[in-house]
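Notes for the structure review
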Amino acid sequence: ALPGTGGASFSRPANALAPTALAPYSPAPGADGTVWQAPHLTDHPWAGRLWSPREGRFVDQSEALERWHAARFVLLGENHGHPDHHALQALILSRMTAAGRRPAVVWEMIDTTRADALAAWQASPAASADSLGPALDWDASGWPDWALYQPIAVAALAAALPMRAGNLSPDQVRSIAREGLDSLDPALRTALGLDDPLPPLLMDEHGAAVVEGHCGMIPPEATPPMARVQAARDALMAHAMITATGRNGAGENGADGAVLIAGSGHIRRDVGVPWWLVRQHSVGEDDILALALRSVPPNHGWNGEDPATDSPFDLVWYTPAATLEDPCDTYREQLERLRQRRSEDPS
């Protein structure tokens, strides 16, 4: 969960209609009739469209459905606080199950300390989507409100799909950051494929993403520990997807694959969970589909240009923007408040 976007400017071209930055929040219909929850840039020419970077073209939803129906492992990358991203994740899951798929659902937002609570909730005859958040003590987790994620649980529960925790525990995160990967339980470390040193190119890419994602405002010494944690999280999510699916194709409760709900940085083809699925678990490239949900970029698309073709995702589904604020400004303010607190109370 990286807070920044590299400090991008949020100005629109002069010949484009300027949005009302402080418009009241209300759902707005998109060009295809979709009712968006995000209030900004709903008229952007990319909003609601699916882009295939590899092919350099937009694809329609029916074609996209064929692709995520065929892929054994579907990874849905999000901006954590964006309501439309979670609504579209739920839509994709519903369409997959309506077409006959039964994937397990692996959540980045649920760490291994909540696995037993998740299993108990799934086994309860009274299980409901609105009760899952309290069952997981979601309000204390640090993730955005459960109401944002609840549509995904509704879709999974309606099809009786198994759900799995996909994240390291807070204690594991701290130990990896401070002591390295050797601090993990040896059996788990082996299962995740973390016994050998991580490839330098992988760690360099993770390090660069950490710096960019934190707006270039973290000290150099903090980058390697954070990169290690990011790689370990990716390895664990890949392992959870494989475990829930079963190596012989007969997975938990009949699961025929797995869907991952995670931040977009985790689903990158080059260094994210797909890298671990291929390297550690011998999954075929064609058995993976990485779909990133992205807010439309305010500075691009208005003059008829297409999105970039060098994206590390198989598909990108563009949505309106939930905010026009530069997240780096917010992060800068958070850091300043933290520095102030430390200066007032060094302990």
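Since the model is a prediction, treat every value here as computed from it, not as a measurement.

Cut-offs and rules
Residues numbered from 1 in each chain as written. Predicted model: local features only at pLDDT ≥ 70, side-chain atom pairs only at ≥ 80, totals over all residues. Heavy atoms only, no water. Buried < 20%, exposed > 50% of the residue type's maximum accessible area, 1.4 Å probe, protein only. Helix = DSSP H or I, 4+ residues; strand = E, 2+ residues; numbered from the N terminus. Pairing = 2+ DSSP bridges. Salt bridge = Lys/Arg side-chain N within 4 Å of Asp/Glu carboxyl O. Axes fitted to C-alpha atoms, helices over the stretch in contact; angles between N-to-C directions. Contact = heavy atoms within 4.5 Å. Phe/Tyr/Trp six-rings, centres within 6.5 Å; stacked < 30°, edge-to-face > 60°. Lys NZ or Arg CZ within 6 Å of the ring centre and 35° of its normal.

Comments concerning the pairing of strand β5 (residues 73-78)
The element β5 is extensively covered by neighbouring structure, given that six of its six residues are classed as buried. Of the two faces of β5, both are covered, the one formed by Phe73, Leu75 and Gly77 as well as the one formed by Val74, Leu76 and Glu78. Bridge count between β5 and strand β8 (residues 258-263): six bridges; the pairing is parallel. Paired with Leu76 across the strands is Ile261, a residue of β8. Alignment of β5 against strand β9 (residues 288-295), held across five bridges, turns out to be parallel. Within the sheet, the bridge partner assigned to Val74 lies in β9 and is Leu289.

Structural notes on the pairing of β9
Regular strands show a simple pattern: their side chains alternate between the two faces of the sheet. With six of eight residues buried, β9 is to be regarded as a mostly interior element. Sheet topology places β9 next to strand β10 (residues 315-319); five bridges connect them, and they run parallel. Counterpart to Leu293 in the pairing with β10 is Trp317.

A word on the pattern of salt bridges
Two side chains carrying opposite charge are able to pair once their charged atoms lie near each other. Applying the stated criterion across every chain yields a total of 13 salt bridges. Between Glu63 and Arg57 there is a salt bridge, with its nearest N and O atoms 2.6 Å apart. The class for Arg57 is partly exposed, based on a relative accessible area of 32%.

Brief notes about unusual backbone geometry
For Asp137, which is not glycine, the phi dihedral falls at a positive 55°. Tracing the chain through its elements places Asp137 in the loop between α4 (129-135) and α5 (146-158). The phi dihedral of Ser282 falls on the positive side, at around 55°, and the residue is not glycine. Among the secondary structure elements, Ser282 is positioned in the loop between α10 (273-281) and β9.

Regarding the sheet that holds strand β7 (residues 163-167)
Read from one edge to the other, the open sheet built from eight strands follows the order β4-β3-β10-β9-β5-β8-β6-β7, with strand pairing classed as mixed. Of all strands in the sheet, those with a lone pairing partner are β4 (57-59) and β7, marking the two edges. With direction set aside, neighbouring strand axes in the sheet form an average angle of 30°. Where strand β6 (residues 104-111) meets β8, four bridges bridge the pair, whose relative direction is parallel. Note on β8: the bridge partner recorded for Ala104 is Ala258.

Notes on the environment of Gln122
Secondary-structure assignment places Gln122 in helix α3 (residues 115-123). In sequence terms Gln122 and Met163 are 41 residues apart; their C-alpha atoms lie 8.1 Å from each other. With residues near it in sequence (within four places) discarded, Gln122 still touches Leu161, Pro162 and Met163.

Things to note about the environment of Glu205
Mapped onto the secondary structure, Glu205 falls in helix α8 (residues 200-213). A C-alpha to C-alpha distance of 9.1 Å links Glu205 and Asp270, two positions 65 residues apart in sequence. Not counting residues within four places of it along the chain, the set of residues in contact with Glu205 comprises Arg268, Asp270 and Val271.

Re the packing of aromatic side chains
A complete count under the given rule lists eight aromatic pairs for this structure. With a centroid separation of 5.2 Å and 55° between ring planes, the pair formed by Trp138 and Tyr149 is classed as tilted. With Trp138 in the loop between α4 and α5 and Tyr149 in helix α5, this pair connects stretches of sequence that are eleven residues apart. Exposure remark for Trp138: the relative accessible area of 3% places this residue in the buried category. Using a relative accessible area of 0% as the deciding quantity, one classes Tyr149 as buried. One aromatic cluster is present, built from ring pairs that chain together Trp107, Trp138, Trp146 and Tyr149. Directly above the aromatic system of Phe58 lies the positively charged group of Arg49, at a separation of 3.7 Å from the ring centroid.

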